[in-house]
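Coordinate analysis (summary)
Here is how the chains run, residue by residue.
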Amino acid sequence: MAPAKIRGTVNQLFQLTTCIGILVANLINYKTDQIHPWGWRLSLGLAVVPATLMFIGGLFLPETPNSLVEQGKLEEAKAVLIKVRGTNNIEAEFQDLVEASEAARAVKNPFRNLFARRNRPQLVIGAIGLPAFQQLTGMNSILFYAPVMFQSLGFGGSASLISSTMTNVALVIAAIMSMYSADKFGRRFLLLEASVEMFCYMVVVGVTLALKFGEGKELPKSLGLVLVILICLFVLAYGRSWGPMGWLVPSEIFPLETRSAGQSVVVCVNLFFTALIAQCFLVSLCHLKYGIFLLFAGLVFGMGSFVYFLLPETKQVPIEEVYLLWRQHWLWKRYVEDHDEKTDQ
């Protein structure tokens with residue numbers, strides 16, 4: 001529903017409100033943890049508040065113009081489009097929606113269509129690449145080590161909660177930064193710039209832990225402070241790039257006929273790699289030790305290369321016209337042009 005020129009900013013509200021919700025939950029848990037023995041009941045019970053707000057909000061939430069067009073409710077779709085755009089001059093955009101809906105209706109099996117050759121860019125980048133890489137950035141490894149760093153600074157038993165709160169504050173700040181920069185600098189720039197930052201932070205953390213930590217060595221507090229700062233910088237880099245862009249870019253590049261199927265695969269791949277990292281990280285940490293951070297550094301380098309060579313810029317490009325980007329790309333145009341030639345024949 002968002003206009004193309006501010007689509008990135010509006011989309012980032014999802015990331016921002018999610019991060020704020022996690023932060024508020026951490027703060028509530030910190031307070032209720034001090035209430036014995038029923039604090040945990042209060043913590044769980046307060047979840048009724050956001051659930052109620054979501055239910056009430058859902059009652060007033062309008063259908064999207066795309067959805068109404070697909071249901072054949074053209075006049076309602078036009079009315080909603082006029083309302084969200086704030087102008088009656090929506091005929092061109094409305095016609096694009098109708099044409100896209102007719103093309104989508106002609107597709108009988110959207111999941112099979114997603115694997116068609118002409119949709120190879122969306123499959124590789126949006127459905128597999130970005131959601132998988134979002135979890136392979138090493139974010140979980142940094143968050144895992146955060147309590148150890150804070151304990152070395154003398155935070156004691158509350159280190160885990162304090163580190164969680166600090167990293168979530170950093171995520172909220174990063175989400176705000178992303179909202180204001182996604183439509184100004186573009187998706188590619190944020191992903192590439194953050195990849196360079198995250199690569200450097202991972203290498204520094206890995207080398208530092210290899211030289212100064214473990215084997216009975218105690219981490220100096222001054223060095224622990226440096227590592228805490230690096231952790232927050234890493235979270236800031238992730239929170240304004242791979243975190244939100246891992247959801248934003250896939251939502252922009254799927255055509256209407258495969259959008260629902262594509263977004264389903266995005267979530268599936270993301271959760272699969274989330275579970276994979278959760279199950280394998282501790283085992284990998286025990287065997288690789290500091291090397292796990294160097295491994296993630298290598299993965300981040302690969303992710304940056306993936307974006308540099310394969311992802312075109314989608315900033316301010318109407319969703320209905322994203323397919324034109326593939327025709328101009330050095331690699332993807334081969335797949336799209338092959339399909340266009342067959343269609344013409």
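What counts, and where the lines are drawn
- Residues numbered from 1 in each chain as written.
- Predicted model: local features only at pLDDT ≥ 70, side-chain atom pairs only at ≥ 80, totals over all residues.
- Heavy atoms only, no water.
- UniProt positions renumbered as here; feature names shortened; annotations may be inferred.
- Helix = DSSP H or I, 4+ residues; strand = E, 2+ residues; numbered from the N terminus.
- Core = buried A, V, L, I, M, F, W, Y, C linked by side-chain atoms within 4.5 Å.
- Buried < 20%, exposed > 50% of the residue type's maximum accessible area, 1.4 Å probe, protein only.
- Expected span 1.5 Å × (residues − 1).
- Arc of directions from axis to C-beta.
- Contact = heavy atoms within 4.5 Å.
- Disulfide = S-S within 2.5 Å.
- Patch = residues over 30% accessible without salt bridge, like charges linked within 9 Å, V, L, I, M, F, W, Y side chains within 5 Å.
- Areas by Shrake-Rupley, 256 points an atom, 1.4 Å probe, with all protein chains shown as cover.
- Salt bridge = Lys/Arg side-chain N within 4 Å of Asp/Glu carboxyl O.

**Things to note about the UniProt feature "transmembrane region" (unreviewed entry) in the protein**
UniProt's feature table lists "transmembrane region" (unreviewed entry) at residues 12–30, 42–61, 123–146, 153–177, 189–211, 223–241, 261–283 and 290–311, given in the numbering used throughout. A helix fraction of 100% and a strand fraction of 0% characterise residues 12–30, whose end C-alpha atoms lie 27 Å from each other. In residues 261–283, helix accounts for 100% and strand for 0%; the two terminal C-alpha atoms are 34 Å from one another.

**Details of the nonpolar core**
In terms of nonpolar packing, the biggest core is built from 67 residues, with I125, M198 and W242 touching the most fellow members. No other element matches helix 15 (residues 291–310), which puts nine residues into this core. Within the second largest apolar cluster, nine residues are counted, among which are L81, I90, F94 and L97.

**A few points about helix 5 (residues 74–85)**
The first and last C-alpha atoms of helix 5 sit 16 Å apart over 12 residues, in line with the 16 Å expected at 1.5 Å per residue. Of all the residues in helix 5, the buried ones are A77, V80 and L81. Down the axis of helix 5, the buried side of the element spans an arc of 100°, and every buried residue falls inside it. In this structure, helix 5 carries E75 and K83 as exposed residues pointing more than 90 degrees from its buried face. Packed against the buried residues of helix 5 are helix 4 (65–70) and helix 6 (91–105). Positive backbone phi, approximately 75°, marks G86, located one or two places after helix 5.

**Focus: helix 6**
Given a rise of 1.5 Å per residue, 15 residues ought to cover 21 Å, and the 21 Å separating the end C-alpha atoms of helix 6 matches this to within 8%. Where helix 6 is concerned, the buried positions are F94, L97, V98, A100, S101 and A104. One side of helix 6 carries all its buried residues, which in axial view fall inside an arc of 165°. Tucked into the core, helix 6 has its buried residues touching helix 4, helix 5 and helix 14 (256–288).

**Overview of the environment of F60**
By the secondary structure assignment, F60 is in helix 3 (residues 48–60). In this structure F60 comes out as exposed when scored by relative accessible area, which is 69%.

**Concerning the state of the cysteines**
Joining two cysteines, a disulfide is a covalent bond between their sulfur atoms. Under the defined criterion, the tally for this structure stands at zero disulfides. Just so you know, C286 is unpaired, no disulfide at all, and the nearest cysteine sulfur is the one on C280, 12 Å from it.

**Focus on the environment of V24**
For V24, the location among the structural elements is in helix 1 (residues 7–32). Between the C-alpha atoms of V24 and V169, which are 145 residues apart in sequence, the distance is 9.9 Å.

**Quick word on a nonpolar patch on the surface**
A cluster of nonpolar residues, W38, L42, L46, V49 and L53, forms a patch on the protein surface that exposes about 460 Å² of accessible area. On the secondary structure map, L42 appears in helix 2 (residues 39–45). L42 gets classed as partly exposed once you look at its relative accessible area, which sits at 32%.

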